[in-house]
2 protein chains.
Amino acid sequence: MADLDLVIDRRQFARRQSVPAQRRLYQALRAAILDGRLQAGALLPASRVLAQDLGIARNTAIHAYEQLGAEGYVQTSRQGTVVAALGAAPERPARQAIEQATGPALSQRVAGRGRVRHPEDDLRPFMPGTPALDAFPFALWRQLLERAQRQASSQDLGYRHAVGEPELRQAIATHLRAARGVRCQADQVIVTDGTQHSLDLCAHLLADPGERVWMEHPGYGGARTAFAAAGLVPVPITVDAEGQQAMESLWHTQAPRLVYATPSHQYPLGSVLTLPRRLALMEQARRHGAWILEDDYDSEFRHDGPPLAAMQGLVDDAPVVYLGTFSKSMFPGLRLGFIVMPAALADRAVAVVGELVRQGRVAEQRALATFIHEGHFARHLRRMRRLYAARQQALRESLSRHWPLDGAVLGGQGGMHLVLSLPADHPDAEVAERAWALGLSPRPLSSYGTPGGAAGFNGLVMGYAHVPQAAVDGHVQTLVDALR
Amino acid sequence: MADLDLVIDRRQFARRQSVPAQRRLYQALRAAILDGRLQAGALLPASRVLAQDLGIARNTAIHAYEQLGAEGYVQTSRQGTVVAALGAAPERPARQAIEQATGPALSQRVAGRGRVRHPEDDLRPFMPGTPALDAFPFALWRQLLERAQRQASSQDLGYRHAVGEPELRQAIATHLRAARGVRCQADQVIVTDGTQHSLDLCAHLLADPGERVWMEHPGYGGARTAFAAAGLVPVPITVDAEGQQAMESLWHTQAPRLVYATPSHQYPLGSVLTLPRRLALMEQARRHGAWILEDDYDSEFRHDGPPLAAMQGLVDDAPVVYLGTFSKSMFPGLRLGFIVMPAALADRAVAVVGELVRQGRVAEQRALATFIHEGHFARHLRRMRRLYAARQQALRESLSRHWPLDGAVLGGQGGMHLVLSLPADHPDAEVAERAWALGLSPRPLSSYGTPGGAAGFNGLVMGYAHVPQAAVDGHVQTLVDALR
């Protein structure tokens, strides 16, 4: 007798209530027959047993068997319903076969993806990337926003400049020149809906399907996703204490079209790309017609001394596209980020974005321009820098008090997260899963790996920016519990 | 002596001020040598002459020549600087050669694209797709928005549900069931940043590169753009008075993965897809595992009688993904639209979107949910339906009074635009260009063609929703002037 547990995922079966039970049952059995979990000759449970087991009407089970019989997948013998011997199936595209077996499928390019996120997840202690939302000057922001809304005319309700409102592009350029040493004018700035949107646009504007993109390993998964969607081929570049380690020889064997880089504070390991490596990378990129995408995601939060200057500003006409976001420096829900295009590409890129993108949201953009222009932004950054430094310090001290294992703490010149390395007998995915069950959300370092990169990264990426100092000790002790 | 006019585009040379003159000159000359405009043995102007001609320092010209010499592109003879005989160039990708010659280029997939849009453009008379912005209850909207902002907590500043706030998904589902006959629950609704975002997500979620998408011909260019970016192959399907004319045989020779359709009010021709065609299309789509993307962009503005029910609701489990937008029913700058996924795909699609998309903007979403829930949305739609009917009528009457040419007026059951067909001796692109110069913005019908589709569409797509009745006569007379 076929083991029903192997054939039907009861949880999934129970969940798909929108599909009639008969169809779900038919699909599940057909899938199991087609993919070989049910072999020819296998005896299926009696319809009564099946119905009882799944909590469905007996007629439903009978009709599902009848449909399978009519289509030749099962036949009735003296013993009961048995799986028929299938002839060679006619050739057809793989997905069509899968779909006929299991119901409609999503595209192959998103196969295996899927993670339902809840807003509360981001607020859990140690979730990387969440800023201190309660320290944001929300009342002031609301005031600027309401003022911008009241000043907007009905004409401002239409589509807006695809690359952003002029006053916001200007404010961003001015800020970046002063704070990050970026060499740019407002007409190089393209306002986007955030870094995912920026990466998506860059991948489409600058590279064609099949071209290579160098990815830091370990590195930012959101970038991998965007590049994969654009059809690019990732090449893992291992990160060490001096940042990404782009071997000279690789330029000849695996020359990229794009190089994704977080030079000021590597994500997630925290190393700073050294000056010699920066210069060599830019020189080679220029020589090979590649573009470096400098994702300067959190460098404004360098705790000791002034922030490092951006790579983009190191030399004239650097082959660098500079990306920034307000998700961390303001708040994630704002959904505003930006691209600074190289001067040589800016006009054309702006024109193409004008055709591809529809932009609106004039009040948010103008309010943000005012927030920057009136100095609130710089002031908020200064306050957060101090706050995050104190919170990082608290986490370090708490770890040194309570953490029972050997393990380096990496990535500590600034930012919003630390990496705690784990010994090999504590696999990070398991620790993170147990921590999740206890209400914490550190991320396993191994999940940042670029496919094809060397294995061996084992640790926890721990966001601290939203974790008050007074609460750190308790959370670290909980994390110790997660080691078992 | 080489003719400098053939070698260097002076206007372009003068414009690219961000690139040092020496590099610009070097690039221009190298490009001319590589693409054969300058042949081996051609004598280049003396550096002094060149410098004078281009308005640059003589040293700049000398250094450019030196660089070209060092790289073997030119050599010095008794006559002066002459182009060297180049050996067979080492093989390299085409783009790299182009770029080395002309400076950096964007990707091939966006080649030829690019159109700078100004917000004012959308406000010009006869621009298709612009709603009556001044008729939107802006003060009420602002009030709801401010209320939502005041009620938001600092936690609401984080990332939000990738598929939209629950109350908005619920409000959309309730509205669609009542107003459009769509069969859906809130958990099938995915809130997006507008139709471009919806199309982009659908193309990636439902189809893989190289798969076919059937496009209406003529049809919506924004859909073509999104599908092209996702690597899909368009197949033009001619539209007649009964909507898109999908031949039975095409399902065997060019079976699609996706079918893009505007069944309630074909864009731009205005025909309604007949019931027999709807049923046949769905039946075939189901049989071939294809999905119909029903873009219901403006059907809420049907002027005579109640809006036609959506195709999605015609049968149970229709193989239809339903797309809608608030850009026309509310205002474009809001940047909110939605996808209704088929029930069988909803869970997986929601999970994948959760990984691909970052969503925020909680106040806008909650304010919109309230706007719908409290009945303001339905009331606004009713008012706009009457207003747009009156404006269409005014345009028809004005055309019948003033238009001097023969030509049918198409697409008149509702919506926000009409199509005025033109005789062949008045090419629409030319008429539209002259109209643009006179301050009007009708769009040439020929620009809606899907590549590969039959030629012969000649007319003007004229948006009237934002054109007050009192102004119509004047604008139509201006349009007559544009005929010359």
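Here the residue numbering is sequential within each chain, running from 1 through the sequence in written order. Chain labels run from A onward and ligand labels from 1 onward, assigned in the order the entries are written. Totals for whole chains, interfaces and linings use all residues, but because this is a predicted model, local features are given only for residues with pLDDT of at least 70 and pairs of side-chain atoms are given and counted only at 80 or more. Based on all heavy atoms of the structure, the side-chain values leave hydrogens and waters out of the count.

Considering the sheet that holds strand β12 (residues 417–421) of chain A
The strands making up a sheet associate through backbone hydrogen bonding, with each pair oriented either parallel or antiparallel.
Residues and elements named next belong to chain A.
Thinking step 1. The rule for pairing is simple: two strands pair if DSSP sees at least two bridges between them. Starting at the N terminus, helices and strands are each numbered in turn, a helix being any DSSP run of H or I of at least four residues and a strand any DSSP run of E of at least two. If you walk across this open sheet you meet the four strands as β11-β12-β14-β13, and the pairing is antiparallel. Sheet topology places β11 (409–410) and β13 (443–444) at the edges, where each strand pairs with a single neighbour.
Thinking step 2. Relative to strand β14 (residues 459–463), β13 runs antiparallel, the two sharing two bridges. Each bridged residue has a counterpart across the sheet, and for R443 the counterpart in β14 is V461.
Thinking step 3. Whether two residues are in contact is decided by their heavy atoms, any of which lying within 4.5 Å being enough. Note on geometry: axes are lines fitted to C-alpha atoms, helical ones only across the stretch in contact, with angles between N-to-C directions running from 0 to 180 degrees. Its contacts with the sheet place helix α15 (residues 376–402) against β11, β12 and β14, and it is angled at close to 20° to β12.

Describing helix α14 (residues 362–373) of chain B
Thinking step 1. Here α14(B) contains twelve residues, and its C-alpha end-to-end distance of 16 Å stays within 8% of the 16 Å for a straight helix at 1.5 Å per residue.
Thinking step 2. Burial classes: relative accessible area under 20% of the type maximum marks a residue as buried, over 50% as exposed, and values in between as partly exposed (1.4 Å probe, protein chains only). When α14(B) is considered as a whole, its buried residues turn out to be V362(B), A363(B), E364(B), Q365(B), A367(B), L368(B), A369(B), F371(B) and I372(B). To estimate how far a helix should reach, multiply one less than its number of residues by 1.5 Å.

A word on the environment of Y464(B)
Residue and element names in this part refer to chain B.
Thinking step 1. Of note, Y464 is situated in the loop between β14 (459–463) and α17 (469–481).
Thinking step 2. For the pair Y464 and R160, spaced 304 residues apart in sequence, the C-alpha to C-alpha distance is 37 Å.
Thinking step 3. N or O atoms within 3.5 Å of each other form a polar contact, as long as, within protein, one can give a hydrogen and the other can take it, and as long as residues adjacent in sequence are counted only when both atoms are side-chain atoms. From its side chain, Y464 meets the backbone oxygen of G414 in a polar contact 3.4 Å long.

Some thoughts on the relation of the copies chain B and chain A
Thinking step 1. When the copies are superposed, the least-squares fit draws on C-alpha atoms of residues that have pLDDT of at least 70 in both. Relative to chain A, chain B is turned by 178° and slid 0.0 Å along the rotation axis, the superposed coordinates differing by an RMSD of 1.2 Å. The symmetry that links the two subunits is that of a two-fold axis. Closest approach to the rotation axis within chain B is made by the C-alpha atom of E146(B), at a distance of 3.4 Å.

Thoughts on the packing of aromatic side chains
Thinking step 1. Each aromatic pair joins two rings of Phe, Tyr and Trp (for Trp, the six-membered one) with centres within 6.5 Å, and gets the label stacked for planes under 30 degrees apart, edge-to-face for over 60, and tilted for any other angle. In this structure the tally under the stated criterion is 26 aromatic pairs over all chains.
Thinking step 2. Ring geometry for F326(A) against F338(A): centres 5.5 Å apart, planes inclined by 55°, an arrangement best described as tilted. Of this pair, F326(A) sits in the loop between β9 (320–325) and β10 (337–340) while F338(A) sits in strand β10; the two residues are twelve residues apart in sequence, bridging distant segments of the chain. Grouping residues by exposure puts F326(A) and F338(A) together as buried.
Thinking step 3. Between Y267(B) and Y448(B), the ring centres sit 5.5 Å apart and the planes meet at 70°, which makes this aromatic pair edge-to-face. One end of the pair, Y267(B), is in the loop between β7 (258–261) and α12 (275–288); the other, Y448(B), is in the loop between β13 (443–444) and β14, and 181 residues separate them in sequence.

Comments concerning the packing of helix α7 (residues 138–151) of chain A against helix α7 (residues 138–151) of chain B
Axes are the key here: two packed helices are described by the angle between their axes and the distance separating the axes.
Thinking step 1. Interaxial distance between α7(A) and α7(B) falls to 11 Å at its minimum, and their mutual angle equals 175°. Classified by the angle between their axes, α7(A) and α7(B) sit roughly antiparallel to one another. When α7(A) is examined against α7(B), the residues F138(A), R142(A), L145(A), E146(A), Q149(A) and R150(A) are found in contact with a partner set consisting of F138(B), R142(B), L145(B), E146(B), Q149(B) and R150(B).
Thinking step 2. For the contact of α7(A) with α7(B), the residue count by class is four nonpolar, two polar and six charged. Any angle that falls under 35 degrees is termed roughly parallel, while one over 145 is termed roughly antiparallel, one within 65 to 115 roughly perpendicular, and all others oblique. Polar here means any residue outside two lists: the nonpolar Ala, Val, Leu, Ile, Met, Phe, Trp, Tyr, Cys and Pro, and the charged Asp, Glu, Lys and Arg; Gly therefore counts as polar.

Quick word on the interface of chain B and chain A
Thinking step 1. Counting residues at the interface gives 83 residues for chain B and 83 residues for chain A.
Thinking step 2. Here the quantity called buried area is the accessible surface, traced with a 1.4 Å probe, that two parts lose on coming together, added over both. Summed over both partners, the interface of chain B with chain A comes to about 7500 Å²; 54% of that surface belongs to carbon and sulfur atoms.
Thinking step 3. The largest per-residue losses of area from chain B upon contact with chain A belong to R109(B), L157(B) and Y159(B), which jointly make up 11% of the total buried on that side.
Thinking step 4. For this document, the term salt bridge refers to a Lys or Arg side-chain nitrogen within 4 Å of an Asp or Glu carboxyl oxygen. For the pair chain B and chain A, the number of links is two salt bridges.
Thinking step 5. Note that R150(B) is salt-bridged to E146(A), the shortest N-O span being 3.6 Å.
Thinking step 6. Taken together, the connections running from chain B to chain A amount to 26 residue pairs in polar contact (both at pLDDT 80 or more).

A short note on a positive patch on the surface
Residues and elements named next belong to chain A.
Thinking step 1. Any residue with relative accessible area above 30% and no salt bridge may belong to a patch, with like charges joined within 9 Å and the nonpolar Val, Leu, Ile, Met, Phe, Trp and Tyr side chains within 5 Å. All accessible-area figures derive from a Shrake-Rupley calculation using a 1.4 Å probe, and residue coverage is judged against the displayed protein chains alone. Lys and Arg are tallied as positive, Asp and Glu as negative. Neither His nor the chain termini are counted. Working definition for charges: the position is that of NZ of Lys, CZ of Arg, CG of Asp or CD of Glu. On the surface, a cluster of positive charge is made up of R379, R382, R383 and R386.
Thinking step 2. By the secondary structure assignment, R379 is in helix α15.
Thinking step 3. Its relative accessible area of 41% is what places R379 among the partly exposed residues.

Some thoughts on the pairing of strand β8 (residues 291–295) of chain A
Residue and element names in this part refer to chain A.
Thinking step 1. For β8, a buried count of five out of five residues is recorded, marking the element as mostly surrounded by other parts of the structure.
Thinking step 2. Alternating residues of β8 divide into W291, L293 and D295 and I292 and E294, and every residue in both groups is buried.
Thinking step 3. Assignment of crossover handedness uses the view with strands pointing away from the viewer, where a clockwise path from the first strand over the helix to the second indicates a right-handed crossover. One crossover worth recording links strand β7 (residues 258–261) to the parallel β8 by way of helix α12 (residues 275–288), and it is right-handed.
Thinking step 4. With four bridges connecting them, β8 and β9 associate as parallel partners. The residue bridging L293 from the neighbouring strand is V321, located in β9.

Some words on the sheet that holds strand β5 (residues 233–240) of chain A
Residue and element names in this part refer to chain A.
Thinking step 1. One open sheet holds the eight strands; their spatial order is β3-β10-β9-β8-β7-β4-β5-β6, and the pairing between them is mixed. One side of each edge strand has no neighbouring strand; the edge strands of this open sheet are β3 (189–192) and β6 (243–244).
Thinking step 2. Two elements, strand β4 (residues 212–217) and β5, share six bridges in a ladder whose sense is parallel. Within the sheet, the bridge partner assigned to H217 lies in β5 and is T238.
Thinking step 3. Across the sheet, helix α9 (residues 195–206) lies against β3, β7, β8, β9 and β10, angled at about 160° from β9, the strand it touches most.

A few points about the pairing of β14(B)
All names here are of chain B.
Thinking step 1. Of all five residues making up β14, five are buried, and the element is well covered by its neighbours.
Thinking step 2. Side-chain alternation along β14 places G459, V461 and G463 on one buried face and L460 and M462 on a second face that is also buried.
Thinking step 3. When strand β12 (residues 417–421) meets β14, the two strands line up antiparallel, connected through five bridges. Bridged to V419 within β14 is V461.

Describing a nonpolar patch on the surface
All names here are of chain A.
Thinking step 1. A contiguous nonpolar surface patch, about 240 Å² in accessible area, is contributed by L275, L279 and L314.
Thinking step 2. Within the secondary structure layout, L275 lies in helix α12.
Thinking step 3. For L275, a relative accessible area of 47% gives the class partly exposed.

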